[in-house]
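Examining the three-dimensional arrangement
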Amino acid sequence: RGKRAFIAGIADDNGYGWAIAKSLAAAGAEILVGTWVPVRTKYLETSLRRGKFDESRVLPDGSLMEITKVYPLDAVFDCPEDVPEDEVAESVKQDFGTIDILVHSLANGPEVSKPILETSRNGYLAAISASSYSFVSLLKHFIPIMNPGGSTISLTYIASEKIIPGYGGGMSSAKAALESDTKVLAFEAGRKHNVRVNTISAGPLRSRAAKAIGFIDMMIDYSLENAPLQKELTADEVGNAAAFLASPLASAITELSFTLIMVLMRWELES
Ligand code: NAI
């Protein structure tokens, strides 16, 4: 049987989640998706049905990526009509029994455009809640339905380690927490369930979320100038790294922060 993957955080065909889904589908995995309720779930389902994403569904062999099912998912769950992680995991269990791969490709920081010195307590905590605790919670609820040997992946950003002015609102703190949690969760999930936990530190991509931060073009230009590989990172490259980490080829890789196009930050000196 092929592997079954649940990818949390696909809202359209622009972000890393979509690219990861495609690489996993190309490698033969069955794709289940969790999308933020309520508007985004409907938008994704309708767009898929109407063929809006057909061009970007094309896999290397010419076939189209199939998404078996889209689940509403709220990683923060603060309104009664939102669907929390435990309910989603329960629905997946009822529909499919188990999964092999869990991908967390979501983040949110309501005050991301504010410097951390001007960030409110609520803004800071909201960033951590949606971007870091959401992974702990997702793993906690999905691990009981993950097959041994399973693999989980999140997406992080270098602002956790180096100063990236503009990545504010506590989002740098949230990514630092996510990376630290990757280690502790890798230990706990590995010992208890034989499940691997890794995170990919991705370079800048013009996704919906990144455009909302407001300085994505500057991030891309900066990477082009300073990264070891002077090329614009594509979402597919992150997708392929994720497919490798999820596959049996990476069966001994856990607790790793995998960097794609590491940017050596001279930014703090220049800005
Ligand atoms: P995206 O906009 O495609 O994905 C973000 C997703 O988070 C969206 O689907 C959004 O609906 C979802 N989301 C936000 N709050 C949520 C909540 N409370 N519950 C459920 N879903 C929620 O953007 P992108 O950039 O592909 O982001 C995916 C991951 O990649 C994030 O963790 C991001 O921090 C990370 N990343 C992005 C980089 C970039 O330059 N775009 C660079 C490095 C990491």
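Everything below is about the structure shown above.
These lines cover the structure that appears in this document, whether it is placed above or below.

Here we come to the side chain of S131. Structurally, S131 is set in helix α4 (residues 121–142). According to the relative accessible area criterion, S131 is buried, its value standing at 0%. A distance of 3.0 Å separates the side chain of S131 from the backbone nitrogen of N108, its partner in a polar contact. Polar side-chain contacts of S131 include one of 2.8 Å to the backbone oxygen of A127.

Here we take up the packing of α4 against helix α5 (residues 171–193). Here α4 crosses α5 at 20°, and the two axes come no closer than 8 Å. One way to sum up the angle between α4 and α5 is to call them roughly parallel. Of the two possible hands of crossing, α4 and α5 adopt the one that is right-handed. Where α4 abuts α5, its residues Y124, A127, I128, S131, S132, F135, V136 and L139 lie against M171, S173, A174, A177, L178, D181 and L185. For the contact of α4 with α5, the class distribution of residues is 11 nonpolar, three polar and one charged.

Quick look at the nonpolar core now. Y16, L24, I31, I67, I200 and V238 are the most contacted members of the largest nonpolar core, which totals 36 residues. For this core, the secondary structure elements donating two or more residues are β1 (4–8), α1 (16–26), β2 (30–35), α2 (39–50), β3 (67–72), β4 (99–104), β5 (146–156) and α8 (235–246). Setting aside residues no more than four positions away along its own chain, I200 makes contact with I153, S154, L155, T156, V238, A241, A242, L245, F258 and L260.

Procedures and definitions
- Within any chain, residue numbers begin from 1 and follow the written order of that chain's sequence.
- Only residues with pLDDT of at least 70 are given local features in this predicted model, and only at 80 or more are side-chain atom pairs given and counted; all residues enter the totals for whole chains, interfaces and linings.
- Values shown for side chains rest on all heavy atoms present in the structure; no hydrogens or waters enter the calculation.
- Put simply, DSSP marks the helices as runs of H or I at least four residues long and the strands as runs of E at least two long, and each gets a number from the N terminus on.
- Note on classification: 1.4 Å probe, protein chains only; a residue is buried when its accessible area is under 20% of the maximum for its type, exposed when over 50%, partly exposed between these limits.
- For this analysis, a polar contact is any N or O atom pair within 3.5 Å, provided that within protein one partner can donate a hydrogen and the other can accept it, and provided that sequence-adjacent residues contribute only side-chain to side-chain pairs.
- Angles shown run from 0 to 180 degrees and are taken between the N-to-C directions of axes, each axis being a line fitted to C-alpha atoms and, for helices, limited to the stretch in contact.
- Our angle categories are set so that under 35 degrees counts as roughly parallel, over 145 as roughly antiparallel, 65 to 115 as roughly perpendicular, and the remainder as oblique.
- Throughout, a crossing is termed right-handed when the near helix is turned clockwise from the far one, and left-handed when it is turned anticlockwise from it by less than a right angle.
- Only heavy atoms enter the contact rule, under which two residues are in contact if any of them lie within 4.5 Å.
- For this classification, the nonpolar set comprises Ala, Val, Leu, Ile, Met, Phe, Trp, Tyr, Cys and Pro, the charged set comprises Asp, Glu, Lys and Arg, and every other residue, Gly included, is treated as polar.
- Here, the term nonpolar core denotes a set of buried Ala, Val, Leu, Ile, Met, Phe, Trp, Tyr and Cys residues that are joined through side-chain atoms within 4.5 Å.

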